[in-house]
Amino acid sequence: MKLTVTGRNLEITEAIKSHLENKMKTTIQELGEKASVHVALQVEKHRRLAEITVQAKGFTAHTKEETKDLYSAMDNALNKVEQQLRKHNERAKDLRIKQGTEEKNRLTE
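Residues numbered from 1 in each chain as written. Predicted model: local features only at pLDDT ≥ 70, side-chain atom pairs only at ≥ 80, totals over all residues. Heavy atoms only, no water.

Some points on the pairing of strand β3 (residues 47-56)
For a regular strand, the rule is simple: side chains alternate between the two faces of the sheet.
Inference 1: Inspection of the sheet shows strand β2 (residues 36-44) paired to β3 by 9 bridges, in the antiparallel sense. Across the sheet, the residue bridging to Ser-36 is Gln-55, located in β3.
Inference 2: Linking β2 to β3, which pair antiparallel, is a turn of 2 residues.
Inference 3: Bridge analysis of β3 against strand β4 (residues 59-67) gives 9 bridges, and the strand direction is antiparallel. (Pairing = 2+ DSSP bridges. Helix = DSSP H or I, 4+ residues; strand = E, 2+ residues; numbered from the N terminus.)

See below:
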């Protein structure tokens, strides 16, 4: 998985990178090597923004989270992306099952 981290008005430290990598190992591990993840972190006066875009084969997930703490913004955004990926995988699985039963019914007629 290709991870790109960008900071706007913020210097990306090793602690931020390692935190993201550790979280992604537990949440977005099933994407494989072809997926690319772009994380944009931004700091404004009292706002901390985390924007995550995940691009995989045939699917793109995008989310944005704003809190007062940078780490909680990153965690919340990762949770949202994980939910989107889980929903996409369930829909794809349901579609494959539906297509399989339709094919089976067509062959038995």
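Things to note about the sheet that holds β2
Inference 1: If you trace the 4 strands from one edge of the open sheet to the other, you get β1-β2-β3-β4, paired in mixed fashion. Each of the sheet's edge strands pairs with one partner strand only, and the pair in question is β1 (2-8) and β4. Adjacent strand axes in the sheet meet at a mean angle of 10° when their direction is disregarded.
Inference 2: Pairing between β1 and β2: 7 bridges, direction parallel. Bridged to Lys-2 within β2 is Ser-36.
Inference 3: Each of β1 and β2 is contacted by helix α1 (residues 14-27), which is oriented at about 135° to β2, the strand it contacts most.
Inference 4: With respect to the sheet, helix α2 (residues 70-108) is in contact with β2, β3 and β4, its orientation differing from that of β4 by roughly 150°. (Axes fitted to C-alpha atoms, helices over the stretch in contact; angles between N-to-C directions. Contact = heavy atoms within 4.5 Å.)

Regarding the confidence of the model for the protein chain
Inference 1: With 94% of its residues at a pLDDT of 70 or more, the protein chain shows a mean pLDDT of 87.
Inference 2: Taken element by element, the protein chain is modelled with least confidence in α2, mean pLDDT 85, and with most confidence in β4, mean pLDDT 93. (pLDDT = per-residue confidence, 0-100.)

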